[in-house]
There are 4 protein chains.
Amino acid sequence: MKRIAVFTSGGDAPGMNACIRAVVRGAVYHGIEVFGIRRGYTGMINGDIFQMTSHSVSNIVQRGGTILKSARSKEFMTPEGRAKAHEQIQKFGIEGLVAIGGNGTFTGATIFYDEYGIPTVGAPGTIDNDLYGTDYTIGFDTAVNTALEAIDKIRDTADSHDRIFIIEVMGRDSGYIAIQSGIAGGAEMVMVPEVLTPISEVVNTLKQGFVRSKSSSIVVVAEGEEEGSAAEVAEKISKLIDEELDMRVTTLGHIQRGGIPTAYDRILASRLGLGALEGLMNGEKNVMAGVINNELVYTPFRDTIRLPKPISEDLLRMVKILSV
Amino acid sequence: MKRIAVFTSGGDAPGMNACIRAVVRGAVYHGIEVFGIRRGYTGMINGDIFQMTSHSVSNIVQRGGTILKSARSKEFMTPEGRAKAHEQIQKFGIEGLVAIGGNGTFTGATIFYDEYGIPTVGAPGTIDNDLYGTDYTIGFDTAVNTALEAIDKIRDTADSHDRIFIIEVMGRDSGYIAIQSGIAGGAEMVMVPEVLTPISEVVNTLKQGFVRSKSSSIVVVAEGEEEGSAAEVAEKISKLIDEELDMRVTTLGHIQRGGIPTAYDRILASRLGLGALEGLMNGEKNVMAGVINNELVYTPFRDTIRLPKPISEDLLRMVKILSV
Amino acid sequence: MKRIAVFTSGGDAPGMNACIRAVVRGAVYHGIEVFGIRRGYTGMINGDIFQMTSHSVSNIVQRGGTILKSARSKEFMTPEGRAKAHEQIQKFGIEGLVAIGGNGTFTGATIFYDEYGIPTVGAPGTIDNDLYGTDYTIGFDTAVNTALEAIDKIRDTADSHDRIFIIEVMGRDSGYIAIQSGIAGGAEMVMVPEVLTPISEVVNTLKQGFVRSKSSSIVVVAEGEEEGSAAEVAEKISKLIDEELDMRVTTLGHIQRGGIPTAYDRILASRLGLGALEGLMNGEKNVMAGVINNELVYTPFRDTIRLPKPISEDLLRMVKILSV
Amino acid sequence: MKRIAVFTSGGDAPGMNACIRAVVRGAVYHGIEVFGIRRGYTGMINGDIFQMTSHSVSNIVQRGGTILKSARSKEFMTPEGRAKAHEQIQKFGIEGLVAIGGNGTFTGATIFYDEYGIPTVGAPGTIDNDLYGTDYTIGFDTAVNTALEAIDKIRDTADSHDRIFIIEVMGRDSGYIAIQSGIAGGAEMVMVPEVLTPISEVVNTLKQGFVRSKSSSIVVVAEGEEEGSAAEVAEKISKLIDEELDMRVTTLGHIQRGGIPTAYDRILASRLGLGALEGLMNGEKNVMAGVINNELVYTPFRDTIRLPKPISEDLLRMVKILSV
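Model, not experiment: these values are computed from the prediction. (Residues numbered from 1 in each chain as written. Chains lettered and ligands numbered in written order. Predicted model: local features only at pLDDT ≥ 70, side-chain atom pairs only at ≥ 80, totals over all residues. Heavy atoms only, no water.)

(A) Quick look at the pattern of salt bridges. The final tally for this structure, using the stated rule, is 72 salt bridges over all chains. Between Arg-155 of chain B and Glu-188 of chain B there is a salt bridge, with its nearest N and O atoms 3.7 Å apart. With Arg-155 of chain B in helix α5 (residues 140-161) and Glu-188 of chain B in the loop between α6 (176-184) and β7 (189-191), this pair connects stretches of sequence that are 33 residues apart. Between Asp-130 of chain D and Arg-172 of chain D there is a salt bridge whose closest N-O contact spans 3.3 Å. Highlighted residues: Asp-130 of chain D in the loop between β5 (120-124) and α5 (140-161) and Arg-172 of chain D in the loop between β6 (164-169) and α6 (176-184), separated in sequence by 42 residues. On the basis of relative accessible area, Asp-130 of chain D is assigned to the partly exposed category, the value being 24%. For Arg-172 of chain D, a relative accessible area of 44% puts it in the partly exposed group. (Salt bridge = Lys/Arg side-chain N within 4 Å of Asp/Glu carboxyl O. Helix = DSSP H or I, 4+ residues; strand = E, 2+ residues; numbered from the N terminus. Buried < 20%, exposed > 50% of the residue type's maximum accessible area, 1.4 Å probe, protein only.)

(B) Broad picture of the UniProt feature "binding site: Mg(2+)" (unreviewed entry) in chain A. UniProt's entry tags Asn-103 of chain A with the feature "binding site: Mg(2+)" (unreviewed entry), counted in the numbering of this structure. Those residues within four positions of Asn-103 of chain A in sequence are excluded, and the remaining contacts are Leu-131, Thr-304 and Ile-305 of chain A. (UniProt positions renumbered as here; feature names shortened; annotations may be inferred. Contact = heavy atoms within 4.5 Å.)

(C) Structural detail: the relation of the copies chain D and chain C. With an axial shift of 0.0 Å and an RMSD of 0.0 Å, the rotation relating chain D to chain C amounts to 180°. Expressed as an axis order, the relation between the two copies is that of a two-fold axis. Taking C-alpha positions as reference, the residue of chain D nearest the rotation axis is Leu-252 of chain D, located at 3.5 Å. (Least-squares fit on C-alpha atoms with pLDDT ≥ 70 in both.)

(D) Layout of the relation of the copies chain D and chain B. It takes a turn of 180° to lay chain D on chain B, together with a shift of 0.0 Å along the axis; the resulting RMSD is 0.0 Å. A symmetric contact is evident, with 100% of the interface residues of chain D recurring at the interface of chain B.

(E) Geometry of helix α3 (residues 79-91) of chain B. Residue and element names in this part refer to chain B. With 13 residues, α3 should reach 18 Å at 1.5 Å per residue; the first-to-last C-alpha distance of 18 Å fits that figure. Turning to α3, its buried residues are Gly-81, Arg-82, Ala-85, His-86, Gln-88 and Ile-89. Buried residues in α3, looked at end-on, bunch into an arc of 160°, giving them a common side. In α3, the exposed residues that point more than 90 degrees away from the buried face are Glu-80, Glu-87, Gln-90 and Lys-91. Where α3 is buried, its residues contact β2 (33-37), α2 (41-46), β3 (49-52), β4 (96-101) and α4 (103-116). (Expected span 1.5 Å × (residues − 1). Arc of directions from axis to C-beta.)

(F) Inspection of the sheet that holds strand β3 (residues 49-52) of chain D at higher detail. Residue and element names in this part refer to chain D. Taken in spatial order, the seven strands of this open sheet run β3-β2-β1-β4-β5-β10-β11, and their pairing is mixed. The sheet terminates laterally at β3 and β11 (295-300), the two strands that pair on one side only. Direction aside, the axes of adjacent strands within the sheet are offset by 30° on average. Relative to β11, strand β10 (residues 287-292) runs antiparallel, the two sharing six bridges. (Pairing = 2+ DSSP bridges. Axes fitted to C-alpha atoms, helices over the stretch in contact; angles between N-to-C directions.)

(G) Local environment of the domain arrangement of chain A. All names here are of chain A. Domain parsing of chain A yields domain 1 (3-139 + 261-306) and domain 2 (143-257). Placing a centre on the C-alpha atoms of domain 1 and another on those of domain 2 gives a separation of 35 Å. Counting residues at the interface gives ten residues for domain 1 and eleven residues for domain 2. Both faces considered, domain 1 and domain 2 share a buried interface measuring about 920 Å² in area, 44% of it formed by carbon and sulfur atoms. Counting across the domain 1 and domain 2 interface gives two salt bridges. With a closest N to O distance of 3.1 Å, Asp-128 and Arg-172 form a salt bridge. Along the contact surface separating domain 1 from domain 2 lie five residue pairs in polar contact (both at pLDDT 80 or more). (Domains from an automatic or database assignment. Buried area = accessible area lost by both parts, 1.4 Å probe. Polar contact = N/O pair within 3.5 Å; in protein donor to acceptor, adjacent residues only side chain to side chain.)

(H) Region of interest: the packing of aromatic side chains. Under the criterion given, the structure shown has 38 aromatic pairs over all chains. Here Phe-7 of chain B and Tyr-41 of chain B contribute two aromatic rings whose centre-to-centre distance is 5.1 Å and whose plane-to-plane angle is 55°, an arrangement assigned as tilted. On the criterion of sequence distance, the pair formed by Phe-7 of chain B in strand β1 (residues 3-8) and Tyr-41 of chain B in helix α2 is long-range, its members being 34 residues apart. Phe-7 of chain B gets classed as buried once you look at its relative accessible area, which sits at 0%. Judged by relative accessible area, Tyr-41 of chain B falls into the buried class, the value being 6%. The interplanar angle of 55° and the centroid separation of 5.5 Å between the aromatic rings of Phe-112 of chain D and Tyr-116 of chain D together place this pair among those described as tilted. Of the two residues, Phe-112 of chain D and Tyr-116 of chain D both sit in helix α4 (residues 103-116), four residues apart, roughly one turn of that helix. Taking the relative accessible area as the measure of exposure, Phe-112 of chain D reaches 1% and is therefore buried. (Phe/Tyr/Trp six-rings, centres within 6.5 Å; stacked < 30°, edge-to-face > 60°.)

(I) Representation of the pairing of strand β2 (residues 33-37) of chain D in the model. All names here are of chain D. Across the five residues of β2, four count as buried, placing the element largely inside the fold. Examined bridge by bridge, strand β1 (residues 3-8) and β2 share four bridges and lie parallel to one another. When the bridges of β2 are listed, Ala-5 appears paired with Phe-35. Handedness of the crossover joining β1 and β2 through helix α1 (residues 16-29): right-handed. (Right-handed = clockwise from strand over helix to strand, strands pointing away.)

(J) Highlighting unusual backbone geometry. Residue Asn-59 of chain A is not a glycine yet carries a positive backbone phi of 60°. Along the chain, the position of Asn-59 of chain A falls in the loop between β3 (49-52) and α3 (79-91). Residues other than glycine seldom take positive phi values, yet Arg-39 of chain C does so here, at roughly 60°. Along the chain, Arg-39 of chain C falls in the loop between β2 (33-37) and α2 (41-46). Note on Arg-39 of chain C: relative accessible area 22%, which makes it partly exposed.

(K) Spatial organisation of the sheet that holds β2 of chain C. Residue and element names in this part refer to chain C. Taken in spatial order, the seven strands line up as β3-β2-β1-β4-β5-β10-β11 in an open sheet, and their pairing is mixed. Two strands close off the open sheet at either side, each with one partner strand: β3 (49-52) and β11 (295-300). For this sheet the average axis-to-axis angle between neighbouring strands, irrespective of direction, equals 30°. Running over the sheet, helix α4 (residues 103-116) touches β1 (3-8), β4 (96-101), β5 (120-124) and β10 (287-292) and is turned about 160° from β4.

So this is what it looks like as structure tokens:
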């Protein structure tokens with residue numbers, strides 16, 4: 001393989017730049033030409049493709065977002081779109097791809113390979129940590145720390161006013177951000193999609209807090225929670241408690257996607273970027289590079305897409321014990 | 001004056017602890033006994049009052065929230081409530097009060113003085129910077145930096161996706177947090193209650209951005225903005241732009257109230273706490289300690305309550321110039 | 001087991017408070033009485049021991065340092081000191097100990113068990129990550145992120161002035177902090193005690209940087225590096241390069257020990273605190289709770305003390321590739 | 001004036017990029033062509049000069065360091081060097097300069113004007129806050145907050161071990177960073193060059209701390225302190241105290257120069273950049289733009305260079321009172 005390209009696709013995540021840097025520097029190290037594609041499949045279709053050197057990725061390891069930009073491309077979902085993309089890939093003489101993104105990205109890459117035989121190796125770039133085939137995804141550790149910093153700040157106010165806060169964090173269908181930021185933030189309760197948490201249980205925990213004269217309580221709600229959004233959860237709680245509650249709702253929102261990546265995310269991203277590149281060089285295709293138990297592993301896209309990623313029972317148990 | 005008390009009231013603000021510390025240490029330094037009242041006027045009514053020493057305020061200068069806790073008391077608005085409060089104040093032999101809070105707090109203190117002759121000197125503790133009589137209030141600088149950090153993170157995502165973000169920040173009727181975080185965050189537009197900003201102007205600015213191929217745009221909206229909340233502003237914008245926009249709305253919310261205070265807030269809070277205490281010792285009453293042009297000044301509560309605090313024309317002009 | 005005690009010993013590390021909280025809350029959850037011992041073995045000897053409740057550990061999960069304070073006790077190294085300590089342990093009816101610290105702490109606990117039969121389970125609390133028996137120690141992730149934040153700041157100046165910086169980070173005999181902060185910070189070179197790095201190699205890397213017209217270079221030196229301190233390394237470099245270099249040396253120092261713990265450290269600390277407690281309840285003794293490959297494991301003190309903890313070859317290789 | 005240039009010179013300071021951005025965007029707004037000069041006077045001599053547009057300064061407001069890079073030029077101190085510089089300035093048709101830097105920079109600009117009549121307006125860019133003619137310099141607020149964050153971290157360790165820390169902060173001949181970070185960090189003592197502080201007084205304060213059983217003490221020493229460096233101060237203290245002290249020394253070093261600028265620094269830098277540009281447009285020359293009492297003012301270079309900037313007596317008094 002003499003010439004490859006790298007792109008980011010789907011929602012951006014902190015650490016994507018560190019991953020791009022590892023792909024580019026790794027390619028330079030191994031004597032391979034490397035191109036960047038802007039805005040994922042959109043740029044592939046439009047030929048927004050440019051050669052990258054070691055310099056192209058100087059001083060980006062610490063930046064959030066992605067210098068290659070990201071987008072979701074409807075056109076790539078059509079045969080015509082993929083034909084245009086293939087034309088560009090051929091025009092630039094690109095023999096293989098490193099795709100940094102999530103399952104939507106990997107689904108596109110799989111179809112593209114089936115149709116045109118261009119191999120792709122993926123790196124898991126998403127704050128949600130919802131990908132089978134790796135313990136953690138790029139951006140997750142930063143998102144958890146951002147959520148945690150917010151919870152710490154809100155705890156200041158909650159304590160000062162003896163207030164209950166219902167805090168919604170990101171994660172789509174996954175409760176990982178919620179459970180980790182909840183444990184680290186000392187939340188009294190964490191509601192995740194993976195586990196059924198009846199509102200009555202939340203109410204009981206809050207009432208026990210009153211009895212033990214806790215000065216404040218924090219409930220962290222994952223955005224995919226089946227009981228609804230933080231606002232809906234708060235309303236359901238209100239209906240089940242007679243006394244007047246000083247309860248506030250806050251949704252952390254988009255701050256969780258950005259920011260300077262943590263050390264963990266930069267190292268993971270570097271390792272996965274290099275792993276994806278070297279996998280591609282060694283003939284891997286339609287697989288995602290991941291780190292499981294500190295070992296680099298490659299998992300077929302069909303498994304990362306199909307298989308669920310359960311949340312640790314241990315963590316769920318810890319929330320209960322630590323909030324006594 | 002041999003014995004005074006200090007309390008925090010209204011919304012909590014970062015730096016309140018540094019202010020409490022200055023009042024307590026200042027009192028110790030001047031040989032005056034000092035008491036803390038918990039939960040503002042609520043604690044005054046309930047006698048939740050305790051003696052403080054130099055040790056009571058060790059290691060709190062860096063903490064958000066308020067160790068004396070805060071609350072809004074409806075009971076203190078009644079003559080009966082104030083009678084109970086006075087009973088407690090007498091019981092503890094307290095001769096003067098330092099109140100850290102905003103206009104609600106100062107209004108209560110004024111009535112209390114009229115009825116019972118207990119003098120209060122105030123310190124401006126609110127993130128909103130909406131108090132006449134001081135250039136900045138305690139907590140404002142921290143809130144601006146918290147909002148700014150959030151804007152920086154959101155900019156990462158906005159740039160990565162060529163997106164427009166409408167970000168709502170706190171400030172109640174004041175546009176100070178919006179204008180300062182907007183300028184510092186490089187916002188393309190800032191909407192504040194003090195100035196009429198027609199939606200058409202916002203739309204024009206955004207369209208000019210497209211023309212100059214800005215990759216992203218950020219509009220900061222103060223919560224008191226007359227065009228409505230960030231969500232409402234976004235909807236109005238959508239209606240005036242034909243092409244499909246990738247526009248997102250985010251409301252920063254309660255994270256702006258908490259957090260580790262900045263150096264500025266700790267120093268300002270220390271200075272105002274000491275200033276309030278020494279004012280009280282020197283016979284001041286019904287006044288708020290403030291810092292104007294780096295000088296300590298005392299402003300009557302009736303003025304801090306009555307007079308508006310206009311936003312600087314210079315800052316408004318800067319937003320326009322810097323977003324070209 | 002009905003009554004246990006917890007203490008911190010040796011250098012403090014961020015996350016120790018989260019660990020103490022987990023031990024205390026876990027004990028409350030399991031219906032066991034729990035005591036805190038101040039200043040490690042010093043407080044054990046002096047009887048500085050007090051009962052803890054769920055409330056004792058409220059609002060500490062986010063604080064650096066240790067609320068139980070820490071110290072190194074020379075007296076406990078003597079039979080007389082341990083006899084006094086045992087007297088106090090008996091007086092308070094304590095049947096088992098959770099010790100948060102490093103190898104010095106565990107050595108003491110082993111001797112104490114041999115003499116008096118009081119079982120101890122340890123939790124690895126040290127920023128250095130130099131303990132066999134756990135992938136990471138409590139405080140390490142925070143220390144790496146603190147070092148990284150410093151490197152990021154220094155990179156700003158290095159780039160602005162086209163300068164070489166030699167930065168010394170902590171870690172005693174271990175290169176873990178150096179290697180992780182170096183990779184994450186984009187260092188051109190990392191010097192660790194585990195690997196021989198001749199100065200000539202450093203000089204070559206720096207010279208190659210000039211050739212590729214890198215605008216700045218950063219060399220991270222572990223404090224245990226056999227070539228000497230950062231200052232000594234800088235001097236050796238100067239002697240081997242003819243041209244005049246704009247080279248600066250900075251030693252990060254004690255800031256690496258403190259600070260708000262990261263999410264990772266709080267979760268790890270909580271898990272290990274609970275694990276140590278439940279190990280003790282289940283009859284474990286003279287072992288350290290650790291997490292290896294995401295599983296809780298107990299390793300005998302004699303192994304944590306005796307066995308080396310090698311640094312990953314993968315990480316060393318990454319530094320080289322990523323700095324091309 | 002139709003064409004101007006901007007450059008940064010001397011030590012870099014956080015906020016310089018925000019200042020460059022304001023100069024460039026202001027010029028675009030006013031219809032003036034604007035050029036950037038790299039590495040200060042060095043680039044002026046070498047013709048390292050390039051046209052800047054609104055885009056050139058996108059997404060830099062939040063970055064530390066200076067995108068124009070900085071250097072100290074010995075050659076510009078010679079008539080030959082300045083002749084070369086003038087040649088380049090003429091070649092590019094540049095009619096006026098905005099110089100972001102300190103007194104060294106302004107001295108050079110004054111001589112250059114005397115010889116060649118090219119007018120310069122300065123903006124005060126230095127973390128040291130040692131310039132007469134402005135309340136605060138660009139970078140100072142960030143440096144104080146960086147020093148403060150370090151002090152907060154060190155306090156965690158100091159408290160955990162009942163230790164004394166002697167911390168050296170930057171500031172050259174000025175005690176501003178020391179006094180502000182010291183007050184905000186709750187230091188027991190601050191030693192600044194502006195005030196004679198006999199070691200005996202430091203020792204007395206520390207001893208009083210022991211008597212009041214303070215668990216830790218922090219002494220902040222400005223780098224220009226006449227009693228010597230932090231290490232020398234620590235040694236002098238040791239000699240005057242009989243009992244064994246657990247005392248540590250740490251020098252914060254270069255981290256104080258870099259980092260993401262605070263809101264305050266970005267706003268101040270924007271205002272001063274715009275002020276310098278508009279001053280230049282209005283015929284000002286050999287003056288520095290500053291903000292005093294929230295008003296934009298221009299002060300002749302000869303005064304900024306000649307006149308001292310005393311430290312506030314109020315602040316010095318506050319250290320003493322707040323450490324009781």
